[in-house]
Number of protein chains: 2
Amino acid sequence: MKRIPDCRWLLLALLLLNGPTQAQALASWNDSAPRQALQRFVAEVTQTDSPQFVPVAQRIAVFDNDGTLWSEQPAYFQVLFAFDEIRRMAPAHPQWKTTQPFQAVLENDQQALAAAGTDGLMKIIAATHTGMSSEDFAQRVRAWFDRARHPKSGKPYNEMIYQPMLELMDYLREQEFKVYIVSGGDSAFMRTFTEQVYGVPPEQVIGSAFVTEYRLVDGQPTLLRLARLARNDDGPGKPESIDAIIGRRPLLAFGNSDGDLQMLQWTAAGQGPRFMGLVHHTDARREWAYDRQSHVGRLDKALDEARQRGWTVVDMARDWTQVFAFDNPPKEPTR
Amino acid sequence: MKRIPDCRWLLLALLLLNGPTQAQALASWNDSAPRQALQRFVAEVTQTDSPQFVPVAQRIAVFDNDGTLWSEQPAYFQVLFAFDEIRRMAPAHPQWKTTQPFQAVLENDQQALAAAGTDGLMKIIAATHTGMSSEDFAQRVRAWFDRARHPKSGKPYNEMIYQPMLELMDYLREQEFKVYIVSGGDSAFMRTFTEQVYGVPPEQVIGSAFVTEYRLVDGQPTLLRLARLARNDDGPGKPESIDAIIGRRPLLAFGNSDGDLQMLQWTAAGQGPRFMGLVHHTDARREWAYDRQSHVGRLDKALDEARQRGWTVVDMARDWTQVFAFDNPPKEPTR
């Protein structure tokens, strides 16, 4: 039921919405090259008198999640969830005590875990992510978020998010961009927190996915998660998913690793202005510093390509006044 | 660039937006049971003082396409597109003159085509829908829409749409529903016209899909469509896709055939009020009349289940004052 609002109230609301927001946009970003590039780009595509103006419907922005919107150290948080689930589920699976790779998780045996490799990890993921309904899985993830704490910060995992990236998503939404997450993580895992934490609704979350099977269980429609990947949303899988699910080429794409390279290339290959950004983890003090040698979120080829092609590389230490909302911002901007 | 509008202009705009629209909602629907059920349901979930009020973010509506939003006789329009493409492409494929099922299409040999069955049809679909980039495919579909005409009406295919269903989608959007198409048709095929014709943007179109492969061709990122199905968005595939891509259960679902049954069941199984609707093709005069025996859009099990469970069945002849926008509406409502 729409009502016609009182005129003065409406004008006040518009003033409040437009006035202070502009001034506070990207408040945790230093006034260095990345913020300037973002603001220049957004002005270019949103100002109606700009030769590069882009209609609202085409303003699609895509963001990787792990290492781009939240941390991914000491390991992808979804993997830490899977390990915690193995421990929680162990009493019902006594054979896990003597079966790899489960034994390695239960004994915290890093060497055996490394030896189990990708196949071992996939077994752990399958045991904790499949063989249940989509609703049961979401409930388990939510319960985990409620109790789990990050090993370094002691904070709930969904506070390990980058305040400057939250501000960037807000800034884009104010300019009527539609903000998507396009991540290698499991869509169903991410959807339990993306709306509350990032303001990104479930239907704007694209991730890797397991095949689900529709079944009537006691007459009740159920979607059962099977241990078979429907989609691997990493590397070339990212533009493939964007084309399949969004059906439009993004105007702006942000990532942090080589797994985002093809998404950035696909974005860059569109006509007219496009914005390609990389978060470079350079801040061992407030977060972590890693790139070419890292096993998690390796940034090597994409860093070279970004520098060659003039994409924006965000140096966390230099370009952000704070990393997490729970940080105290430094008293003076670092430059 | 947001500007603060002049107050009087704004009030006028709000009056214009709210005033006449309410009166004209569902103008091509008779005041029979389906319209009343729709209006009752929408009021129930959108009025803020309703005990069944549903927040805007959760107002998801899903519509099948073929036979629900536009006609599907004498054959699915996408199949007619494929046949036309075979004819158009034939000069470059001389072997098709003597190879089934292509020969059957070129000679308009219905018997041979029927003998080729589903496998034959899939070969025709593969030859016309894959082996090219997603952009090239979209261009071919658009070119076809420009020149092709429906064999019965002589109208462009994208005018073979049901005016009452357009009004229903408008009515739902006015009530801040997010309207999706969930169809067995190819997403990329539908996306060439859904925005212009239905006001449904590409990212709200879910259909069957071929696997695409990201490749750099002469340094240009290209998404190549492969002859392998990634998703069959029919029957149980519909709730599976809805869960995978939207990640929420719809509030309202509309279909017209047994291929929509699981989508309706999945919708019905949600908590709180839900609306399940079927378009029943009963109008041989203005459109077609078919249901349980039809090879296209067979409506049998879903019709029984709808009647048992009290879902809304729209009788086209009885409940719609006009079918197509190009129809002359009858001088008096039929009841």
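Cut-offs used in this document
- Residues numbered from 1 in each chain as written.
- Chains lettered and ligands numbered in written order.
- Predicted model: local features only at pLDDT ≥ 70, side-chain atom pairs only at ≥ 80, totals over all residues.
- Heavy atoms only, no water.
- Pairing = 2+ DSSP bridges.
- Helix = DSSP H or I, 4+ residues; strand = E, 2+ residues; numbered from the N terminus.
- Axes fitted to C-alpha atoms, helices over the stretch in contact; angles between N-to-C directions.
- Contact = heavy atoms within 4.5 Å.
- Phe/Tyr/Trp six-rings, centres within 6.5 Å; stacked < 30°, edge-to-face > 60°.
- Lys NZ or Arg CZ within 6 Å of the ring centre and 35° of its normal.

Explain the sheet that holds strand 2 (residues 178-186) of chain A residue by residue, including any values.
In space, the seven strands of this open sheet follow the order 4-3-2-1-5-6-7 (chain A), with mixed pairing throughout. The open sheet terminates on both sides in strands that have one partner only, identified here as strand 4 (220-231) and strand 7 (312-315) of chain A. Looking at each pair of strands side by side, their axes are set apart by 30 degrees on average, direction ignored. Sheet analysis places strand 6 (residues 275-280) of chain A next to strand 7 of chain A, joined by four bridges and oriented parallel. When the sheet's bridge partners are listed, Val279(A) is paired in strand 7 of chain A with Val314(A). Contacting strand 3 (205-217) and strand 4 of chain A, helix 10 (residues 237-246) of chain B runs over the sheet at an angle of about 145 degrees to strand 3 of chain A.

Now, about the pairing of strand 4 (residues 220-231) of chain B: what can you tell me, with residues and values included?
Looking down a regular strand, the side chains alternate between one sheet face and the other. Residues and elements named next belong to chain B. Bridge count between strand 3 (residues 205-217) and strand 4: eight bridges; the pairing is antiparallel. Residue Phe 210 lies in a different strand from strand 4, and its bridge partner there is Leu 229. Where strand 3 hands over to strand 4, the hairpin turn is made up of two residues, of which Asp 218 adopts a positive phi near 55 degrees.

An account of unusual backbone geometry is requested, with residue identities and associated values reported.
Residues and elements named next belong to chain B. Omega for the bond connecting Gln 73 with Pro 74 falls within 30 degrees of zero, at 0 degrees, which places this linkage in the cis form. Note the cis peptide between Gln 100 and Pro 101, where omega equals 5 degrees. Mapped onto the elements of the fold, Pro 101 is located in the loop between helix 3 (77-89) and helix 4 (102-106). Unlike most non-glycine residues, Glu 176 shows phi in positive territory, near 65 degrees. As for its placement among the helices and strands, Glu 176 is situated in the loop between helix 7 (163-174) and strand 2 (178-186).

Explain the packing of aromatic side chains to me, and be specific about the residues and the numbers.
Evaluation of the coordinates by the stated rule reveals 44 aromatic pairs over all chains. Residues Trp70(B) and Phe145(B) carry aromatic rings whose centres are separated by 6.3 Å and whose planes lie at 45 degrees to one another, so their mutual orientation is tilted. Of this pair, Trp70(B) sits in the loop between strand 1 (60-63) and helix 3 while Phe145(B) sits in helix 6 (residues 134-147); the two residues are 75 residues apart in sequence, bridging distant segments of the chain. For the cation-ring pair, Lys152(A) lies above Trp288(A), with the distance from its terminal atom to the ring centre recorded as 4.3 Å. One cation-aromatic arrangement involves Arg225(B) over Phe137(B); the distance from NZ or CZ to the ring centre is 4.0 Å.

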